[in-house]
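Below are the chains, spelled out letter by letter.
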Amino acid sequence: MTLLEAFQIINRPQTEQDKQFRIQLVCGFTPLHLVTFLRAHGQLRAPCRRVVVSHGLYGDLVGNLHRDEDPASDACALVVEWSDLDPRLGLRSAGGWEPTRLWEIRQSVQVQLARIHDAVLAKAPQPAVVVLPTLPLLPVPYTRPGQLSVFEAGLRADLASFAASLTECAHVRLLSGAEIDLRSAPSTRLDVASELAVGFPYTLSHAEHLAVLLVEFLLAHTRKKGIITDLDDTLWKGILGDVGPDQVGWTLDCKAQIHGLYQQMLASLAASGILLAVASKNNADLVEVAFARYDMLLPRRCVFPIEANWGPKSDSVARVLKVWNIGADDVLFIDDSPMEIAEVQSAYPAIQSIRFPKDDSHAAWELLKHLRDQFGAQQIDAEDAIRLESLRTRAQIESQSVSGSGGNGVEAFLAALQAEITFSLCSAGDSRSFTLLNKTNQFNLNGQRLSEAEWIHLLTSNGHFAVKVQYRDRFGFQGTIAILGGQIVHDQIFVDHWVMSCRAFSRRIEHHCLNWVFQHFKGKEITLRFSPTPRNGPLQEFLTAFLGPLPFSSLTITRDVFQNSCPALYHRVVETIA
Amino acid sequence: MSDIRERVMSCFCSLFPTLSREALQKSSLEAIPDWDSLSGVVLLAMIQQEFHISMEPIDLEHLGSIQSVIEHIAAHAIADADET
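The rules behind the values
- Residues numbered from 1 in each chain as written.
- Chains lettered and ligands numbered in written order.
- Predicted model: local features only at pLDDT ≥ 70, side-chain atom pairs only at ≥ 80, totals over all residues.
- Heavy atoms only, no water.
- Contact = heavy atoms within 4.5 Å.
- Buried area = accessible area lost by both parts, 1.4 Å probe.
- Salt bridge = Lys/Arg side-chain N within 4 Å of Asp/Glu carboxyl O.
- Polar contact = N/O pair within 3.5 Å; in protein donor to acceptor, adjacent residues only side chain to side chain.
- Helix = DSSP H or I, 4+ residues; strand = E, 2+ residues; numbered from the N terminus.
- Nonpolar A, V, L, I, M, F, W, Y, C, P; charged D, E, K, R; others polar.
- Pairing = 2+ DSSP bridges.
- Axes fitted to C-alpha atoms, helices over the stretch in contact; angles between N-to-C directions.
- Phe/Tyr/Trp six-rings, centres within 6.5 Å; stacked < 30°, edge-to-face > 60°.
- Buried < 20%, exposed > 50% of the residue type's maximum accessible area, 1.4 Å probe, protein only.

Student: Would you mind showing me how to read the interface of chain A and chain B here?
Tutor: In this assembly, 12 residues from chain A lie in contact with 13 residues from chain B. Both sides together, the interface formed by chain A and chain B hides about 1,000 Å², and carbon and sulfur atoms give 76% of it. Looking at the side of chain A facing chain B, the largest losses of area belong to Leu-4, Phe-7 and Leu-32 of chain A, adding up to 43% of the total buried there. Our count for the contact surface shared by chain A and chain B stands at 0 salt bridges. The interface formed by chain A and chain B includes 2 residue pairs in polar contact (both at pLDDT 80 or more). Elements represented by at least two residues in the side of chain A that touches chain B include exactly helix 1 (3-10) and helix 2 (32-45) of chain A. At 4 residues, the largest contribution of residues to the side of chain A that touches chain B is made by helix 1 of chain A. A per-class count over the side of chain A that touches chain B returns 7 nonpolar, 5 polar and no charged.

Student: I'm lost on the sheet that holds strand 5 (residues 172-174) of chain A in this one. Help?
Tutor: Strand pairing in a sheet relies on backbone hydrogen bonds. The paired strands run either parallel or antiparallel. Residue and element names in this part refer to chain A. The strand order 2-1-3-4-5 describes an open sheet built from 5 strands, whose pairing is parallel. Edge strands, defined here as strands with exactly one partner in the open sheet, are strand 2 (49-55) and strand 5. Looking at each pair of strands side by side, their axes are set apart by 20° on average, direction ignored. Bridge count between strand 4 (residues 128-131) and strand 5: 3 bridges; the pairing is parallel. Paired with Val-129 across the two strands is Arg-173, which belongs to strand 5.

Student: Sorry, what's going on with the packing of aromatic side chains here?
Tutor: Residue and element names in this part refer to chain A. Inspection of every chain in the model, using the stated rule, returns 17 aromatic pairs over all chains. Considering the side-chain rings of Phe-29 and Phe-200, the 6.2 Å spacing of their centres and the 70° angle between planes classify their relative orientation as edge-to-face. Note that Phe-29 is positioned in the loop between strand 1 (19-26) and helix 2 and Phe-200 in the loop between helix 8 (192-198) and helix 9 (204-218), a separation of 171 residues in sequence. Note on accessibility: Phe-29 and Phe-200 belong to one class, buried. Both rings, one in Phe-443 and one in Trp-498, keep their centres 5.1 Å apart while their planes meet at 80°; by these two values the pair is edge-to-face.

Student: Could you clarify how one ought to interpret the pattern of salt bridges in this entry?
Tutor: Note on pairing: side chains with opposite charge can pair once their charged atoms come close. Residue and element names in this part refer to chain A. Counted according to the given criterion, the structure contains 29 salt bridges over all chains. The partner of Glu-216 in a salt bridge is Arg-183, with the nearest N and O atoms 2.9 Å apart. You can see Glu-216 sitting in helix 9 and its partner Arg-183 sitting in helix 7 (residues 177-183), a full 33 residues away along the chain. Of the residues examined, Arg-183 reaches a relative accessible area of 27% and is grouped as partly exposed. Among the ionic pairs, Lys-358 bridges to Asp-336, the shortest N-O distance being 3.5 Å. Of this pair, Lys-358 sits in the loop between strand 10 (352-355) and helix 15 (361-375) while Asp-336 sits in the loop between strand 9 (331-335) and helix 14 (338-347), and the two are 22 residues apart along the sequence. The exposure class assigned to Asp-336 is buried, which follows from its relative accessible area of 12%. In this structure, a network of salt bridges that share partners links the residues Lys-225, Asp-329, Asp-330 and Arg-535.

Structural measurements only, silent on function.
Now the structure itself:
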């Protein structure tokens, strides 16, 4: 992107409805082109938001952190360079590089790192993305540049310790130096003339690379939810039906290590809550035998469902999506066959299809990195690990509720679930609730996404409420499966946010949610800030059952209407809210 | 020349989006509202990227107007074409 293109993007007309996304850029240098590229790339990534960047004073990074020029900012981008740690490490100072000064410079750096650390902690819970020095260290030490000096090794150790401490802060995302190196060659970053002339030290290309990476982490990242993988020459090397379960391979000995690495990655993703399924043209029994091998790196329990049959793969994909109850655009499809990929892609244009590079080791390495990029998360919690199991359980429930017992079908089945629903308040450290609010599409009151700053505001403002709903039944604990958020204004109940995980369908949890709101707030009616979206059909279906045809905006449901139409609710309700 | 004029005007218009094209064309550089040393730095960076020619801030000061900037760039563009 050229500067001209960046300005043209920034200057595009916007509507008054576009919400702002406010970034506080904290640095000690003149931010110049970095601000321009931040705004332009931010605009590209969030076209319905108006990206605004504020910045502080030249030469006062710690002061800028404390000063908080924009208290309403949604996120902070902290860009640290060597001169911020000690001016003698920058080109615009002439404080002396004598060997006798080096220990003092290092002490000064340690003090400054401690100040920055405290200032960053003080900004919690505002999200902060941090970049540590990306420019080359000036030739300050007395050793030759090709040799790592004691001085430089000490500085880098101090930085590494500082970085390790910051990565433990929930509100901080530290950009990876290795990733910056990949995108922006170290020798192309420093613009000496610009630094000396106006105090902006970066080349245009480095400024843009930094801006792109910053924006990737400043703005909300939508994590994909699942992978549908092929088996032959993808999960393992070889054709199962030809060579048998014992002869397909995924090890160095079989010259099939890339398949083993792929299995390893899938197992890791499954443990962090990513759904895995198989779509393979294969004999189902043989597939189960292969998965039962003791040396299989991807445990069988991590995969559900397995579609092993001889029909079109798009049909298998259709069944997987139905079981998972998610959209095609939330899924990756991985297969070694270009023909299968084309067939699935034509049926599901929104699915991201990737050809497994069975003959290209470097491409396999790139695939592993791409999978991490698509599915990476700031943190994972215990509820992520149970996601697949709860889907498996739901499939069982739906199959059993259809057959039913004693001829009473659904009612008898729900009554026998031994289900318990717990309502409790959301807290700032509750990443699961925030993630659920921002990634749920189908049972979503209005499709509105919240920034972290808006989420914190919801949790901490008077008159507002944010409640999480957890569920368990005789099949197991499902974790947090719904979030309700809103406000009470003059005894009127307004629900502004309501999402429910698709894993929770078919159990009348949505009925319990409304019932709880009526009971807890003792209101006679609830105003739901509803808005139809292309994907909230399940929510619309639920509300239509009570209210008939829906309007295109807020609607109100009275207690009488709800109670007259609400089916029997069997679950035990636990409330841990004062 | 008209292509160069158009591209130079794009640079100025993007840097000063609130001003009309006509107002910019009539104005000297220093008389442009919001013109400051950093505007000059950004403009020079844009010109370098768009036209692959290097200019110093002192060059801008001497040129003084958008028309002069256009002529300067056009002259350098012709010189480069002659050298190749």
